[in-house]
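Remarks on the overall topology
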Amino acid sequence: MTDLSERQLREKEYYEQYAAKFDVGQSIDFSPIEGPLLGRERRPWNSYWRTYEIPVDYYLNNKGNKNFELLDLGCGPGDNSLRFSRIGYKVTGFDISSSNIENCKKLFEKNQCADRGHFLVSIAEKLEFQDASFDIVAGIDILHHVDIPKAMREVERVLRPGGIAVFREPVEVPFLDWIRNTRLVRFFVPNAASLEAHITEDERKLNDTDFKVINEIFPLMTIERSLILARFDKFIPRNSKSASLFEKVDYFFTKIIPGYSLLGGGAVIILKKK
Ligand SMILES: C[S@@+](CC[C@H](N)C(=O)[O-])C[C@H]1O[C@@H](n2cnc3c(N)ncnc32)[C@H](O)[C@@H]1O
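Residues numbered from 1 in each chain as written. Predicted model: local features only at pLDDT ≥ 70, side-chain atom pairs only at ≥ 80, totals over all residues. Heavy atoms only, no water.

Broken down by element type, the protein carries 10 helices and seven strands. For a compact globule of 274 residues, the expected C-alpha radius of gyration is about 19 Å, and the protein comes in at 18 Å, within 12% of that figure. Going through the 274 residues of the protein one by one, you find that 47% of them count as buried. In the protein, the share of contacts with a sequence separation of at least 24, taken over all contacts with a separation of at least 6, comes to 75%. Roughly 14100 Å² of accessible area belongs to the protein as shown, and the carbon and sulfur atoms make up 54% of that amount. In the protein, 39 positive and 40 negative side-chain charges are present, and the distance between their average locations comes to 4 Å. (Helix = DSSP H or I, 4+ residues; strand = E, 2+ residues; numbered from the N terminus. Rg over C-alpha atoms; globule rule 2.2 N^0.38 Å. Buried < 20%, exposed > 50% of the residue type's maximum accessible area, 1.4 Å probe, protein only. Contact = heavy atoms within 4.5 Å. Areas by Shrake-Rupley, 256 points an atom, 1.4 Å probe, with all protein chains shown as cover. Lys, Arg positive; Asp, Glu negative; His and termini not counted. Charge placed at Lys NZ, Arg CZ, Asp CG, Glu CD.)

Our focus in this paragraph is the site of the ligand. Neighbouring residues of the ligand: 22 residues in total, closest G74, N80, D95, A124 and I140. Within the side chain of N100, a nitrogen or oxygen atom sits 3.1 Å from an oxygen atom of the ligand. The fraction of the free accessible surface of the ligand (590 Å²) that becomes covered by protein chains is 93%. Taken together, the elements giving at least two residues each to the shell around the ligand come down to α1 (6-18) and β2 (90-95). The greatest single-element share of the shell around the ligand, amounting to three residues, is contributed by α1. Of the residues contributing to the shell around the ligand, the split by class is nine nonpolar, nine polar and four charged. (Near = heavy atom within 4 Å. Polar contact = N/O pair within 3.5 Å; in protein donor to acceptor, adjacent residues only side chain to side chain. Nonpolar A, V, L, I, M, F, W, Y, C, P; charged D, E, K, R; others polar.)

As a further point, take helix α4 (residues 79-87). The element α4 is largely enclosed, with a buried count of eight among its nine residues. All buried positions along α4 are accounted for by D79, N80, S81, L82, R83, F84, S85 and I87.

This part is about the packing of aromatic side chains. Per the counting criterion, the structure on display carries 14 aromatic pairs. Between Y14 and Y15, the aromatic rings sit 5.0 Å apart at their centres with planes inclined by 65°, giving edge-to-face as the arrangement. Pair check on accessibility: Y14 and Y15 agree, each one buried. Here the aromatic rings of F175 and W178 are separated by 6.5 Å at their centres, their planes lie at 15°, and the arrangement is stacked. One end of the pair is F175 and the other is W178, both in helix α7 (residues 174-180) and three residues apart, which spans about a single turn. In this pair, the class of F175 matches that of W178, namely exposed. (Phe/Tyr/Trp six-rings, centres within 6.5 Å; stacked < 30°, edge-to-face > 60°.)

Interpretation note: all reported values are geometric properties and have no functional meaning in isolation.
Structure representation (structure tokens):
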């Protein structure tokens, strides 16, 4: 790995510690994969389910090609990689944290699929892969931790023509974020960097400038915004596997109220390489 920037060093140090919280023995919830893959259930209103659904559909539309390669960008401890491999992809995952990469390897071994996953320590801004190596690049909650222009140029480079990239990211809504950052709201719902809250010092939500940069690199870009009323889900106790009513309402309003989606604090970004 090349010399790390100050920001990368801070992120690495944070995630070397955070990785210790991950339990590789836990049972992974495959319902967001198996739902659409087996034709049981889809949840287009949930940004995580949607991010898994896109690789599922790409796989199905290409007749379940077991040689398709997926790159999990900033893979963390590997639970997402494991889900992607359950679709049928050969998965490569990388992360700046070596402890996370150890977690990935152990998780794949525990789930008896070590031969379907390859993991390495690397940075998103400079990938070690050859041009056009992957059919899909997927990333969950990662772009807001990295240098977006550099990382996206690398994503474009390593994707094969006709390949797709999908990201799930938090998005800035200036007025709502201004309210969020008032002292009063921060008093009741703190958002300072901490291991407990899983917030790093350097992460920042994506904004219009980031979307413009991404769109210059990928002219074929679709953004699906969500998380409007669903911002309040965290205050409502519910089974983490059950669907959120707020997410469904947001999805419905997004379809019928022009401009409603612009209030969305989350986005699924779908990119296609020509
Ligand atoms: C919020 S976590 C998301 C991890 C994983 N995608 C998930 O959904 O669980 C952000 C991840 O980005 C990694 N990271 C931060 N900066 C990075 C960089 N410049 N290159 C590669 N990985 C990075 C961290 O180590 C961490 O695993």
